[in-house]
Amino acid sequence: NNNNSNNSGSGHRNKLAATSNSARRRRLQAQAAAAAEQAREDEGDGGLNNFFDFGCGCEGDAPRTVTLVVRNSGLCVADWALVLPDDGAYRPEQWAEETNLSASRAALKRILDHKLFVVSPRRGRLQPGETCELSLTYHFTQSPAVDRLPANFHVLHGADFGLGLKATVLAPGQAQLHLPDNGVMRLVPVPVDLADAPVQLLALRNPSDQPLRYRLDLSAVRELQACNHDFPLLEFGEVAGEVPAHGDALVPLRFRPLEAKSYVFPVALLLGEAAAALPSDNPDTNPDSSNCSSVALRLEGRGLDPRGEDLFASMAAHFDAVPEKGSLVPSRSNTTTNNNNNN
């Protein structure tokens with residue numbers, strides 16, 4: 001009997017220990033999930049991978065408005081709505097005070113309270129083949145800030161599409177550079193036997209209120225050209241300069257392919273006063289980058305074979321490419337970049 005009692009007690013303790021371990025695992029899993037959720041909130045993307053970026057501007061700049069065209073490509077009538085958090089998705093508990101909100105929730109509340117993002121119309125009905133225009137506006141009111149607003153494009157009895165609205169407000173004197181397509185420039189395809197390559201433009205845009213000095217570090221380009229019999233595959237009209245406040249700088253370049261293939265040219269863009277310290281006619285010496293920031297650019301080009309390719313079709317495909325996205329690069333001095341078509 002004692003043995004049975006001991007065995008029963010031991011089994012009971014083992015069961016309690018197993019239950020305790022299981023509860024501990026569930027608690028740890030819940031804490032990990034909560035931490036991951038908080039990390040996503042703090043990052044501010046709300047779990048969205050698609051953001052419509054209004055770009056950046058300074059506090060007090062004029063509101064920026066863009067037009068979004070929506071078309072019903074189906075065969076049925078489509079009732080749609082662009083659902084924002086103030087439609088009911090964001091409803092903090094009534095007992096929650098302002099101090100109890102997380103940083104991301106407080107930022108979202110500020111965006112909604114001040115109506116920083118305005119969308120009109122918010123809902124409608126489209127007949128098959130019909131289109132409508134949505135006006136999206138952002139107000140640059142408070143700096144510095146990176147405002148993100150999650151939205152959901154909902155179609156009744158159809159699929160939903162998550163979309164985020166994003167804008168950046170610069171503080172006075174804050175330097176910023178806006179690069180096309182997240183630092184990737186796709187050059188216009190050029191035939192390999194073209195005697196005089198066309199001039200193309202690298203556009204740098206400065207949305208801040210301070211001028212920004214820059215210099216191109218072409219050491220990687222020179223190494224690539226050394227492997228091609230020192231042929232000038234990529235030439236820049238200027239390698240250093242200044243982007244004015246609220247302005248643009250257009251850097252001319254020529255792409256001369258040797259072969260009918262794809263080329264990738266890595267270029268380092270140095271920003272700051274030290275970026276233009278050396279004369280631009282000294283290509284073999286790089287400036288001291290310790291006092292300036294650096295960002296990597298990637299120029300992609302393709303040589304065309306005039307005997308086997310439709311040159312007009314290749315160039316048309318280049319200009320019909322997906323519209324470029326943008327990325328912001330902070331610097332110790334500031335300026336901007338504009339989206340320009342290559343010539």
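Going along each chain's sequence as written, the residues are numbered from 1 onward. Since the coordinates come from a predicted model, pLDDT governs what is reported: local features require at least 70, and pairs of side-chain atoms require 80 or more to be given and counted, while whole-chain, interface and lining totals use all residues. Side-chain calculation: all heavy atoms of the structure are included, whereas hydrogens and water are not.

S.K.: I tried to follow the pattern of salt bridges on my own but got confused; where do I start?
M.R.: A side chain of one charge can pair with a side chain of the opposite charge if their charged atoms are brought near each other. Whenever a carboxyl oxygen of Asp or Glu lies within 4 Å of a side-chain nitrogen of Lys or Arg, that contact is scored as a salt bridge. Per the stated rule, a full pass over the model turns up 8 salt bridges. A salt bridge links Asp147 to Arg110, with the shortest nitrogen-to-oxygen separation between them at 2.4 Å. In this pair, Asp147 sits in strand β7 (residues 145-155) while Arg110 sits in helix α2 (residues 103-113), placing the two residues 37 residues apart along the sequence. For the pair Asp147 and Arg110, one class covers both residues: buried. The salt bridge involving Asp196 is made with Arg254; its shortest N-O contact spans 3.1 Å. Pair noted here: Asp196 is in the loop between β11 (190-191) and β12 (199-206) and Arg254 is in strand β16 (residues 247-255), with a separation of 58 residues, a long-range link. Only protein chains enter the accessibility calculation, which uses a 1.4 Å probe. A residue is then buried if its area is under 20% of the maximum for its type, exposed if over 50%, and partly exposed in between. Residue Asp196 is classed as exposed on the basis of its relative accessible area, which comes to 55%. For the purposes of this entry, the term helix denotes a DSSP run of H or I that reaches at least four residues, the term strand denotes a run of E that reaches at least two, and both are numbered from the N terminus.

S.K.: I keep staring at the environment of Ala245 and nothing clicks. Help me out?
M.R.: As for its placement among the helices and strands, Ala245 is situated in the loop between β15 (240-243) and β16. Note: C-alpha distance between Ala245 and Gln176 (69 residues apart in sequence) is 9.8 Å. Not counting the four nearest positions on each side in its chain, Ala245 is found in contact with Asn206, Ser208, Asp209, Gln210 and Pro211. The contact criterion used is simple: two residues touch if any of their non-hydrogen atoms lie within 4.5 Å.

S.K.: Would you mind showing me how to read the pairing of strand β3 (residues 78-83) here?
M.R.: Working note: regular strand, side chains alternate between the two faces of the sheet. Paired strands are those between which DSSP finds at least two bridges. Of the pairings in the sheet, the one linking β3 to strand β5 (residues 123-126) comprises 4 bridges and is antiparallel in character. Bridging across to β5, Asp79 finds its partner in Arg125. Both β3 and β7 contribute to a ladder of 4 bridges, which runs antiparallel. Each residue of the ladder has a partner; that of Val83, found in β7, is Asn152.

S.K.: Got a minute to help me understand the sheet that holds strand β4 (residues 117-120) in this structure?
M.R.: For sheets, the rule is that strands pair by backbone hydrogen bonds, running either parallel or antiparallel. Reading across the sheet, the 3 strands line up as β2-β6-β4 and stay open at both edges, with antiparallel pairing between neighbours. Each edge of the open sheet carries a strand with a single partner, namely β2 (64-71) and β4. In this sheet, adjacent strand axes meet at a mean angle of 20 degrees when their direction is disregarded. By the bridge criterion, 8 bridges tie β2 to strand β6 (residues 131-138) in an arrangement that is antiparallel. The partner of Thr67 across the bridge, within β6, is Ser135. What counts as an axis is a line fitted to C-alpha atoms, over the stretch in contact for a helix, and the angles between N-to-C directions run from 0 to 180 degrees.

S.K.: Would you mind showing me how to read the packing of aromatic side chains here?
M.R.: We describe a pair of aromatic rings using the distance from one ring centre to the other and the angle between the two ring planes. Stacked, tilted and edge-to-face pairs are distinguished by plane angle, under 30 degrees for stacked and over 60 for edge-to-face with tilted covering the rest, among Phe, Tyr and Trp rings (Trp via its six-membered ring) whose centres lie within 6.5 Å. For the structure on display, the rule yields 9 aromatic pairs. Taking 6.2 Å as the distance between ring centres and 40 degrees as the angle between the ring planes, the aromatic pair formed by Phe54 and Tyr138 counts as tilted. Here Phe54 is found in strand β1 (residues 51-58), whereas its partner Tyr138 is found in strand β6, with 84 residues between them in sequence. In this structure Phe54 comes out as buried when scored by relative accessible area, which is 5%. Given a relative accessible area of 0%, Tyr138 falls into the buried group. Aromatic side chains Phe117 and Tyr138 sit 4.8 Å apart centroid to centroid with 50 degrees between the ring planes, which places their arrangement in the tilted category. Taken as a pair, Phe117 in strand β4 and Tyr138 in strand β6 lie far apart in primary sequence, 21 residues in all. Assessed through its relative accessible area of 7%, Phe117 is described here as buried. Three or more aromatic residues joined by ring pairs make a cluster, and in this case those are Phe52, Phe54, Phe117, Tyr138 and Phe140. We call a charge positioned over a ring when the NZ of a Lys or the CZ of an Arg lies within 6 Å of the ring centre and within 35 degrees of the ring normal. It is Lys261 that lies over the ring of Tyr263; its NZ or CZ is 5.2 Å from the centre.

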